[in-house]
Amino acid sequence: MELRSISRDSRHKRSHTGAKRAQYRKKRKFELGRQAANTKLGAKRIHEVRVRGGNKKFRAMRLESGTYSWGSEAISRSTRIVAVVYNASNNELVRTNTLVKGAIVQIDATPFRQWYENRYAQVLGKKKRQIAGEEDKSDANKPRSKHLQAKVAARKSAVEPALDDQFVSGRLYAIITSRPGQSGRCDGYILEGKELDFYLRKIRSKK
Amino acid sequence: MSEQTEKSFQKQETVFLNAKGVSKKNNRWYKDIGLGYKTPSEAISGTYIDKKCPFTGNVSIRGRILTGVVHSTGMKRTVIVRRQYLHYIPKYQRYEKRHKNIAAHLSPAFIGVREGDIVTVGQCRPLSKTIRFNVIKHTKSQTKGSKQFAKF
């Protein structure tokens, strides 16, 4: 596999008028393209690449976690990525669990649930909790000082039902917004609202 | 609702849709492209999502501003603009007709653009293989007198 057999030039393409362009020079290094990363789920494996200007790119070959933001609550937590669930471009990438920007993944919900219950003293994903009988142990009911209790009571929160259901299973839907093959990271944000409805419908219609 | 025609969720990148608490309805971002060009009301009040629109997307108009006649509207969100000019032949002291076609991106903010309309295009960064221009103003073609029956 040569590095320069992939080129990004337009000299090999026909012009706007349809004329075939004659080749008058060889491929140049500044036009090079490299093999795609096709980042999979697994124990972290990242290759460093020296790029133009002496800079570095981090080609993630395998990743298992990333930093995800909960937009409406304005927090981010590092979580494990469980599975790739939807990809608008290619179903093959879903089957092979390939991490790319714009892919919809399922992430581990525990850091977000812990933060929420600590801050608002309300239990998330009520249905499961009642069955498991863990309500007493969760952070929502841990002992707090009177001052802290007053602060917590003053905070208001409402989580939309679609999100609340996801906390029951312990898996949240999120979208990847970083480029794992370029930065070596798989970060993104949790889907909410209309975007969440849109992708849920797409996922259900596939099954 | 109806602008979600693609497989991925269409939205404006700069607008956060899921803020807690009451957010103003029609949370839409638009900009003034400068150079005295008025941004159409459809761009401000509409619901379309177009990342290549000069008013509601991520392109800036800089460089050349050209005008021409709309030659073809068969493509999705783009038009071919035909610019005619006369080229002088010194030996014969006469002119010949020449033309150049420009592929330009047509934002959904401009509705009812038909062949024959006059259009102003502004240069932007390359949006595709042949598209480096974006429609920024549109004036309908004049039918000779209002008594002429225009095909609706």
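Residues numbered from 1 in each chain as written. Chains lettered and ligands numbered in written order. Predicted model: local features only at pLDDT ≥ 70, side-chain atom pairs only at ≥ 80, totals over all residues. Heavy atoms only, no water.

1. Here's the deal with the interface of chain B and chain A
In this complex, chain B contributes 13 residues to the contact, which on the side of chain A involves 19 residues. Surface buried jointly by chain B and chain A totals about 1400 Å² across both partners, of which 56% is contributed by carbon and sulfur atoms. Interface area lost by chain B to chain A is led by Lys7, Phe9 and Lys20 of chain B, which between them contribute 42%. If you look at where chain B meets chain A, you find eight residue pairs in polar contact (both at pLDDT 80 or more). Residues that form the side of chain B that touches chain A fall into these classes: three nonpolar, five polar and five charged. (Contact = heavy atoms within 4.5 Å. Buried area = accessible area lost by both parts, 1.4 Å probe. Polar contact = N/O pair within 3.5 Å; in protein donor to acceptor, adjacent residues only side chain to side chain. Nonpolar A, V, L, I, M, F, W, Y, C, P; charged D, E, K, R; others polar.)

2. What about the layout of surface pockets?
Rolling a probe over the atoms, with the probe sized like a water molecule, indicates the empty space that remains. Quantified by volume, the largest pocket comes out at close to 1400 Å³. Around the largest pocket, the lining comprises 47 residues; the ones closest to its centre are Phe9, Gln10, Lys11, Glu13 and Lys51 of chain B. Going through the elements one at a time, strand E8 (171-176), strand E9 (188-190) and helix H7 (193-206) of chain A are the ones with two or more residues in the lining of the largest pocket. The residue inventory of the lining of the largest pocket, partitioned by class, reads 16 nonpolar, 18 polar and 13 charged. (1 Å grid on protein atoms, 1.4 Å probe; cavity = no way out; pocket = protein on both sides within 12 Å on 5 of 7 lines; lining within 4 Å. Points joined across faces, edges and corners; volume = space filled by probe spheres on them. Helix = DSSP H or I, 4+ residues; strand = E, 2+ residues; numbered from the N terminus.)

3. Quick look at the sheet that holds strand E2 (residues 45-50) of chain A
Residues and elements named next belong to chain A. Ordered by their spatial adjacency, four strands build an open sheet running E2-E3-E1-E6, and the pairing between neighbours is mixed. Of all strands in the sheet, those with a lone pairing partner are E2 and strand E6 (98-99), marking the two edges. Two strands pair when backbone bridges link them, and strand E1 (residues 39-41) and strand E3 (residues 56-63) are joined in this way by two bridges, in the parallel orientation. Residue pairing for E3: Leu41 is matched across the bridge by Leu63. (Pairing = 2+ DSSP bridges.)

4. What about a nonpolar patch on the surface?
Among the surface-exposed residues, Leu86, Tyr88 and Tyr95 of chain B lie close enough to one another that they form a single nonpolar patch of about 360 Å² accessible area. With respect to the helices and strands, Tyr95 of chain B occurs in strand E3 (residues 94-105). (Patch = residues over 30% accessible without salt bridge, like charges linked within 9 Å, V, L, I, M, F, W, Y side chains within 5 Å. Areas by Shrake-Rupley, 256 points an atom, 1.4 Å probe, with all protein chains shown as cover. Salt bridge = Lys/Arg side-chain N within 4 Å of Asp/Glu carboxyl O.)

5. What about the pairing of E8 of chain A?
Both faces of the sheet carry side chains from a regular strand, because those side chains alternate between them. Residues and elements named next belong to chain A. Of all six residues making up E8, five are buried, and the element is well covered by its neighbours. By the bridge criterion, three bridges tie E8 to E9 in an arrangement that is antiparallel. When the bridges of E9 are listed, Ile175 appears paired with Tyr189. (Buried < 20%, exposed > 50% of the residue type's maximum accessible area, 1.4 Å probe, protein only.)

6. Regarding the sheet that holds strand E4 (residues 65-70) of chain A
All names here are of chain A. Spatially, E4-E5-E7-E8-E9 is the arrangement adopted by the five strands of the closed barrel, whose pairing is mixed. Each neighbouring strand pair of the sheet contributes to a mean axis angle of 50°, computed without reference to strand direction. Pairing analysis gives six bridges linking E4 to strand E5 (residues 75-86), with the strands arranged antiparallel. The partner of Gly66 across the bridge, within E5, is Thr79. Those strands touched by helix H5 (residues 161-169) are E4, E8 and E9, and its axis lies near 115° from that of E8. Sitting on the sheet, H7 touches E5, strand E7 (104-108), E8 and E9, and the angle it makes with E5 is about 25°. (Axes fitted to C-alpha atoms, helices over the stretch in contact; angles between N-to-C directions.)

7. Things to note about unusual backbone geometry
Residue and element names in this part refer to chain A. One non-glycine residue with positive phi stands out, namely Asn38, at about 50°. Within the secondary structure, Asn38 is located in the segment before E1. Even without being glycine, Asn97 reaches a positive phi, approximately 55°. Relative to the elements of secondary structure, Asn97 occurs in the loop between helix H1 (91-95) and E6.

8. Quick word on the packing of aromatic side chains
Tallying each qualifying case throughout the model produces 11 aromatic pairs over all chains. Ring centres of Tyr88 of chain B and Tyr95 of chain B lie 5.1 Å apart, and the angle between their planes is 55°; this geometry places the pair in the tilted category. Among the residues examined, Tyr95 of chain B registers a relative accessible area of 57% and is labelled exposed. In textbook terms, an aromatic cluster arises when at least three aromatic residues are bridged by ring pairs, as seen for Trp70, Phe112, Trp115, Tyr116, Tyr120 and Phe167 of chain A. A cation over a ring is seen here: Arg28 of chain B above Tyr48 of chain B, with NZ or CZ 4.7 Å from the ring centre. (Phe/Tyr/Trp six-rings, centres within 6.5 Å; stacked < 30°, edge-to-face > 60°. Lys NZ or Arg CZ within 6 Å of the ring centre and 35° of its normal.)

9. Re a positive patch on the surface
Taken together, the side chains of Lys13, Arg14, Lys20 and Arg21 of chain A together with Lys129 of chain B make up a positively charged region of the molecular surface. Structurally, the position occupied by Lys129 of chain B is in the loop between strand E4 (118-123) and strand E5 (133-139). Lys129 of chain B gets classed as partly exposed once you look at its relative accessible area, which sits at 43%. (Lys, Arg positive; Asp, Glu negative; His and termini not counted. Charge placed at Lys NZ, Arg CZ, Asp CG, Glu CD.)

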